[in-house]
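Reading the structure
The chain contents come next:
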Amino acid sequence: MEIILSSGIGIFAASGLWLMLRPRTFQVIMGLSLLSYAVNLFIFVTGRLKLDAAPILDTSKAIDPATYADPVPQSLVLTAIVIGFATTALFLVILLALRGLSGSDHVNGREPY
Amino acid sequence: MIAAFLHHIMVLPVILPLITGALLLFIREHSRRLKSALALVSTGFVALIAAILIYRAQNLAPQADVYNLGNWPAPFAIVFVLDRLSAVFLLMAALIAFCALIYVTAHWDRLGAHFYSLSQFFLVGINGVFLTGDIFNLFVFFEVMLAASYALLMHGSGLARVRAGAHYVVINLVASSCFLLGAACIYGGSGTLNMADLASRLALLPEDTVLICQIGMGFLGIAFLIKVGMWPLGFWVPATYSAAAAPVGALLSITGKVGFYVILRLSLLLLENDATGLHAAICQILFYGGLITLIVGFTGILASQNLSRLAANSVLASTGIVLAAMGLDHPALTAITVYYILSSTFALAAFFLLIEPVERNQDIAADVLAVTMEVYGEDEEEEEDEIGFYIPATVAILGACFTLCAILLIGMPPLSGFIAKFMMITGLFWPQGPARAYILPNMQSWLFIIFLALAGFAQLIAMTRSGIRLFWTSLETYVPKVQISEIIPIAALLAFCFTISLAAEPVMRYLDSMAAEIYVPANYIHSVLGGAVEKGE
């Protein structure tokens, strides 16, 4: 499981970085999204990988912390997703404005010579 | 009763602008008077509270004031921490925001929607960064600040602003990803995000876990250095700052200082007692990175063909000076660095506000031509016989403000820019204070002194050149119409510089004790965790 997850994060990050260095705005925004997926998965994993473990304590039974998933990274990743989503949406609007003002979808607002 | 009240006003710098900003959204855009009045009252209150908090931090020192949000105990929930360092930055940010908001009432608020709300949200983010004691919460406040700054940067729209804005947003989104990676590494390694808890745990962690935390700190460092604009992460700075509208430029000049604050806070808190050599390495990076930033900055200053570029490159130069001084890592120098940050931020904010009125009615092509003509030596224009040369009052006032800004940025006597640079150099020779024996500075210090002087000289050349071009030209075509609400904030910002020059002694006494305090992380840790540390060990 570790191998699959870590290589998944790696592939997300690598493709994200590559797309981000491309000259078209759409590629850049896709790259940023992929990079944020990689980061969000990474945050999630910092709570260690666990199967079938709840993050919320069940008080009806005796509590053994080892059987629970760490709830903190889950809440962190939720916050990060929300913030990332909002800023990406904002960025999309900016790119549309740039496209409208410059008539080009190049990140510099003009076609390369 | 009063003590409890003073304790609780600590959250107001975050809560008050948040409520005001939200309320302002419901007021119609064309009732600008009301909007500006509300925003000014809120920002004024924040400034007042920040002043009270400075006194409070001073009284409580070396303890920091800790506010448990939701009254949950410290390492488990988010805390706000107020000490002398955060109080100083709070006051600085509030004063600059207040001046920028006065300036906006002239006509800038008509350029786009929701300026006042955005400025309030911007203030929420900045104040939150200064107050929070939790790394993830720091990220959230950073994002609040940045989201507002994206929109502020594009206030007034136009191709140049949107293009600069798009680049600024991409760079900051990448920086935010770095920040998150760093925070995740730190949590994965240490199991905590509370700064005080983290600082106390770092020493107890096994070696491989410490390594993960240190990688995390590296990511955080990259994120903050992008925000500060250190070379090679700061190529966005000139384009962004020079594209912003004047009051936005003044507000943006605070964002860089937020980066300085976080670097000071975290590097001293987490790495002061570090045995792995990471702290020394970071100091080296900061020092040489700072020096190169300074060189890039003053080269840019000399090459600038208009005032906005000049101002943007001056931001880079002062960033370089601050980073290099931080890299020298010395308590005496840290206090002076904060003094320099105060002085240069006020001066740069005043300069950003001044540019637009000065350049009003001037066409940009003439500027470019003037610089090109100087390069090719074709400066003999037709000789005008100037009989009786009169300077209109507006031009005289603008000229005076420009001269004062120049004096502050160059670091000429008698204003605070000079005092700061003079103290930096004497601090290197007499690290124990002037009464003790002096030491011969090492190679790094010499490099720093040389480039400090060179930067001042470059600034002198560039400012003189543009001053001559702007104020000694023939005046028939050029008498800008400037409103009183544009002059007042510039004068106020310069007055703050006067104040810290005249009151340099008490200000420095405050900053010296502040530096001594933040160099002992135990103060901060004990204030936040109380007895928990002793119990844990």
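The structure contained in this document is the topic of the report that follows. In every chain, residue numbers begin from 1 and rise along the written sequence. A letter from A marks each chain and a number from 1 marks each ligand, given out in the order of writing. Local features in this predicted model are restricted to residues of pLDDT 70 or higher, and side-chain atom pairs are both shown and tallied only at a pLDDT of 80 or more, whereas totals for entire chains, interfaces and linings draw on every residue. Excluding hydrogens and water, the side-chain figures rest on all heavy atoms present in the structure.

1. Re the overall build of chain A
We apply this condition: Only DSSP runs of H or I with at least four residues qualify as helices, and only runs of E with at least two residues qualify as strands; both kinds are numbered from the N terminus onward. As a reference, a globule follows 2.2 Å times the number of residues to the power 0.38, and the radius of gyration itself is taken over C-alpha atoms. Exposed residues in this analysis have more than 50% of their type's maximum accessible area, buried residues have under 20%, and partly exposed residues fall in between, with area computed by a 1.4 Å probe over protein chains only. Every residue pair with non-hydrogen atoms within 4.5 Å of one another is taken to be in contact. Areas reported as accessible are Shrake-Rupley estimates using a 1.4 Å probe. Residue values count occlusion only from the protein chains shown.
Along the backbone of chain A there are 3 helices and 0 strands. Of the regular secondary structure in chain A, the N- to C-terminal order runs α-α-α. Its C-alpha atoms give chain A a radius of gyration of 19 Å, more than 25% over the compact-globule value 13 Å for 113 residues. Taking the principal axes of its C-alpha atoms as reference, chain A extends roughly 70 × 25 × 15 Å. Out of the 113 residues belonging to chain A, those deemed buried represent 29%. Taking contacts inside chain A between residues at least 6 apart in sequence as the whole, the part at least 24 apart equals 49%. By element, 71% of the accessible surface of chain A is carried by carbon and sulfur atoms, the whole surface being about 7000 Å².

2. Digging into the packing of helix H4 (residues 84–104) of chain B against helix H14 (residues 331–359) of chain B
All names here are of chain B. Note the following rule: Axis definition: a line fitted to C-alpha atoms, limited for helices to the stretch in contact. Angles are taken between N-to-C directions and run from 0 to 180 degrees. Throughout, the term roughly parallel applies to angles under 35 degrees, roughly antiparallel to angles over 145, roughly perpendicular to angles from 65 to 115, and oblique to all others.
Where H4 contacts H14, the axes come no closer than 11 Å and their chain directions differ by 10 degrees. Judged by the angle between their axes, H4 and H14 are roughly parallel. Only Val338, Ile341, Leu342, Thr345, Phe346, Ala349, Leu353, Glu356 and Pro357 of H14 make contact with H4, whose side of the interface consists of Leu85, Val88, Phe89, Met92, Leu95, Ile96 and Tyr103.

3. What about the nonpolar core?
In plain terms, the rule: Only buried residues count toward a nonpolar core. Its members are Ala, Val, Leu, Ile, Met, Phe, Trp, Tyr and Cys residues joined through side-chain atoms within 4.5 Å.
Ranked by size, the top nonpolar core spans 218 residues in total, and within it A:Phe91, B:Phe142, B:Tyr339, B:Phe448 and B:Leu511 carry the most contacts. The dominant element in this core, judged by the number of residues it contributes, is H14(B), at 19 residues. What B:Phe142 contacts, discounting residues up to four positions off in sequence, is B:Val129, B:Phe179, B:Phe224, B:Lys227, B:Val258 and B:Val262.

4. Notes on the state of the cysteines
One covalent bond between the sulfur atoms of two cysteine residues makes up a disulfide. All names here are of chain B. Test applied: Here, two cysteine sulfur atoms that lie within 2.5 Å of each other are counted as a disulfide.
All chains considered together, the criterion is met by 0 disulfides over all chains. Summary of cysteine pairing: Cys213 is not part of a disulfide, and the nearest cysteine sulfur, belonging to Cys185, is at 8.5 Å. Looking at the unpaired Cys283, the closest cysteine sulfur is the one in Cys213, lying at 19 Å. For Cys283, a relative accessible area of 11% puts it in the buried group.

5. Remarks on the pattern of salt bridges
Residue and element names in this part refer to chain B. How we decide: Here a salt bridge means any side-chain nitrogen of Lys or Arg lying within 4 Å of a carboxyl oxygen belonging to Asp or Glu.
Counted by the stated rule, this structure contains 7 salt bridges over all chains. Two residues, Arg265 and Asp83, come together in a salt bridge whose shortest N-O distance is 2.7 Å. You can see Arg265 sitting in helix H11 (residues 246–271) and its partner Asp83 sitting in the loop between strand S2 (79–82) and H4, a full 182 residues away along the chain. For the pair Arg265 and Asp83, a shared accessibility class is recorded, and that class is buried. The residue Arg84 makes a salt bridge to Glu517 at a minimum N-O spacing of 2.7 Å.

6. Things to note about the packing of aromatic side chains
All names here are of chain B. In plain terms, the rule: Stacked, tilted and edge-to-face pairs are distinguished by plane angle, under 30 degrees for stacked and over 60 for edge-to-face with tilted covering the rest, among Phe, Tyr and Trp rings (Trp via its six-membered ring) whose centres lie within 6.5 Å.
For the coordinates displayed, the defined rule picks out 22 aromatic pairs over all chains. Pairing Phe136 with Phe139 gives two aromatic rings, centres 5.5 Å apart and planes at 45 degrees, and the pair type is tilted. Of this pair, Phe136 and Phe139 both sit in helix H6 (residues 135–153), 3 residues apart, roughly one helical turn. For the pair Phe136 and Phe139, a shared accessibility class is recorded, and that class is buried. For the ring pair Phe351 and Phe402, a centre distance of 6.0 Å and an interplane angle of 55 degrees mean the geometry is tilted.

7. Brief notes about the packing of H4(B) against helix H20 (residues 504–518) of chain B
Residues and elements named next belong to chain B. The interhelical angle for the contact between H4 and H20, taken along N-to-C directions, is 135 degrees, at an axis separation of 9 Å. With respect to each other, H4 and H20 are oriented oblique. Contacts between H4 and H20 involve Arg84, Leu85, Ala87 and Val88 from the first element and Tyr510, Leu511, Ser513, Met514, Glu517 and Ile518 from the second.

8. A look at the environment of B:Pro206
With respect to the helices, strands and loops of the structure, B:Pro206 is situated in the loop between helix H8 (195–202) and helix H9 (207–228). Residues B:Pro206 and B:Phe471, 265 residues apart in the sequence, show an inter-C-alpha distance of 64 Å.

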